[in-house]
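Architecture at a glance
Listed below are the residues making up each chain.
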Amino acid sequence: MSPSSLEEIIDLVVLAGEIMLKNGAETSRVEQTMDHMARACGARYAESFVIPTGVFVTVTDGDGRSLTTMRRVRDRTINLDRIAKINELSRRLVDSRIDYQDAFAILKRIAKERTGFSLVPSMIASGTVGAGFAVLQNGSAAEVLIAFMAAAIVRYIAHVVSRLHGVRFTYEFLGSITAGLIGVAACYIWPQLSRDIIIVGGILPLVPGVAITNAISDTIAGDLLSGISRGLEAALTSVAVAMGVVIVLALQL
Amino acid sequence: MVLLKITAVFFMGMAVGVMYRIPRQLLLAASMAGVSAWLVFYFAALNHANIIFGSFLASLTVGFIAELLARRLRKPATVFTIPGFIPLVPGREAYTTMLHMVKGDYIEGLALGMQTLLIAGAIAFGIFLSATIYRLVVNYRMGGGLGHAGKN
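Small disclaimer: the values here were computed from a predicted structure and weren't measured. (Residues numbered from 1 in each chain as written. Chains lettered and ligands numbered in written order. Predicted model: local features only at pLDDT ≥ 70, side-chain atom pairs only at ≥ 80, totals over all residues.)

**Digging into the overall build of chain A**
The secondary structure content of chain A amounts to 10 helices and 3 strands. Helices and strands in chain A line up, N terminus first, as α-α-β-β-β-α-α-α-α-α-α-α-α. Dimensions of chain A along its principal axes, counting C-alpha atoms only, are 75 × 30 × 30 Å. The burial tally for chain A puts 51% of its 253 residues in the buried class. Nonlocal contacts in chain A, meaning residues at least 24 apart in sequence, comprise 65% of its contacts between residues at least 6 apart. (Helix = DSSP H or I, 4+ residues; strand = E, 2+ residues; numbered from the N terminus. Buried ≥ 20, exposed ≤ 12 C-beta atoms within 10 Å, placed from the backbone. Contact = placed C-beta atoms within 7 Å.)

What follows is the structure in structure tokens.
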């Protein structure tokens, strides 16, 4: 494969890194993928540095010229499907099963496409998580049903808040307040129901699963800076969820 | 009752997979990882094991299954870890801690809060440990013995 120019290589590599970081990949995976892709495109050396809020990469060619770029990453979501796709793309690039032009086209398509599921399926999924946890807590059929609804409504709030580009942790806070209110209201109407099971089910979809696992795997890999910041993100998310519930309970008692 | 709970864990794993948008063809594998971890947790509880130790064993299971699946299916391990450990999250304990705190029962709140933190720590450490052990084993095999373990 003919080597591409430094500018072309860095365009491709930094876009791949940005997409992976935005969608919740762990730090070492982003760095390794960027390095592998740059070398596969013909760079002599590639060095990258990734933290949860930005990507830095330096690419050097055979003549010793080098080029450095950084990309700031602001809004982050979670879409593990995109990460798996870029993983696959980088593997194909390394094995020379695909050339630069095709890889760049595929990458742009991955960045744009709406993968995953739309609002209603993800509301149902969120509801299922809440309902499943209510079952694990030995909830009755009515409690499981209300937990399902609470968790689904929490997901709807996430949808609304993400459109408003709210401040961080707004969605977790509002979501847990809503779950708390639903639990209290349901228990007010039907006193035989357990308020606690409904609220626990309702807030379970707010657990910061990706932040926790990424904090762990970053720390194992030695990316201490990313590990600490992701751990802090997980801790603050849990505090936001807890505060929402505490406020509702304090008002009720 | 147990069958109902296993079904619930299975669907929870799938639902978490949908929420975090893992590739569709992996949903089944991811939720099976969750079910096996929960079964470990359940049998630990049946044998009167400490809940913290049970959570640790279960998350160790999640971690190992996730690493094995990740290697076999050539996908990031995170895809299988997250659906696996969500059913183990000490949500009830965390909630009851807050309830005690709001009521002003600080002693009970602290005791339960400590337990919650230890369970969460045990889950995190289980995933941590399994990933580390897995990496050690792979390096050992690839290096052909302890002498070359560092080279990978």
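Still more ground to cover, so stick around.
**Quick word on the domain arrangement of chain A**
Residues and elements named next belong to chain A. Entries for chain A in the domain assignment read domain 1 (6-112) and domain 2 (119-252). Relative placement of domain 1 and domain 2: their C-alpha centres are 33 Å apart. At the junction of the two partners, domain 1 supplies 7 residues and domain 2 supplies 10 residues. Of the residues assigned to the side of domain 1 that touches domain 2, the class counts are 3 nonpolar, 3 polar and 1 charged. (Domains from an automatic or database assignment. Nonpolar A, V, L, I, M, F, W, Y, C, P; charged D, E, K, R; others polar.)

**Structural notes on the interface of chain B and chain A**
Of the residues lining the interface, 35 residues belong to chain B; the matching set on chain A comes to 43 residues. Taken together, the elements giving at least two residues each to the side of chain B that touches chain A come down to helix 1 (2-19), helix 4 (78-85), helix 5 (91-103) and helix 6 (106-143) of chain B. Considering each element in turn, the side of chain B that touches chain A owes the most residues, 10 residues, to helix 1 of chain B. Here the side of chain B that touches chain A is built from residues that sort into 26 nonpolar, 4 polar and 5 charged.

**Focus: the sheet that holds strand 3 (residues 66-72) of chain A**
Residues and elements named next belong to chain A. The 3 strands are arranged 1-2-3 in an open sheet whose pairing can be described as antiparallel. Across the chains shown, the open sheet's two edge strands, defined by having one partner strand only, are strand 1 (45-51) and strand 3. Going from strand to strand, the sheet's axes swing by 10° on average, the running direction of each strand aside. As paired strands, strand 2 (residues 54-60) and strand 3 are joined by 7 bridges and run antiparallel to one another. If you follow V55 over to strand 3, its bridge partner there is R71. (Pairing = 2+ DSSP bridges. Axes fitted to C-alpha atoms, helices over the stretch in contact; angles between N-to-C directions.)

**Focus: the environment of A:G231**
Following the sequence through the fold, A:G231 ends up in helix 10 (residues 224-252). As a C-alpha pair, A:G231 and A:I19 span 212 residues in sequence and 21 Å in three-dimensional space.

**Some remarks on the packing of helix 5 of chain B against helix 6 of chain B**
Residue and element names in this part refer to chain B. Look at helix 5 against helix 6: their axes get within 8 Å of each other, and the N-to-C directions meet at 160°. In terms of axis orientation, helix 5 runs roughly antiparallel to helix 6. By crossing handedness, the relation of helix 5 to helix 6 is classed as left-handed. Residues E93, A94, T96, T97, H100 and M101 of helix 5 lie in contact with helix 6, whose contacting residues are Y106, E108, G109, L112, G113, Q115, T116 and I119. A per-class count over the contact of helix 5 with helix 6 returns 5 nonpolar, 7 polar and 2 charged. (Parallel < 35°, antiparallel > 145°, perpendicular 65-115°, else oblique. Left-handed = near helix turned anticlockwise from the far one by under 90°.)

**Here we look at the nonpolar core**
By size, the foremost hydrophobic cluster in this structure holds 121 residues, and its most contacted members are A:V13, A:A16, A:V129 and A:A147. Viewed by domain, this core spans two of them, domain 1 (6-112) and domain 2 (119-252) of chain A, each represented by three or more residues. When near neighbours in sequence (up to four residues on either side) are disregarded, A:V129 contacts A:A151, A:L204, A:P205, B:M12, B:A15, B:V16, B:M19 and B:I86. (Core = buried A, V, L, I, M, F, W, Y, C linked by C-beta atoms within 7 Å.)

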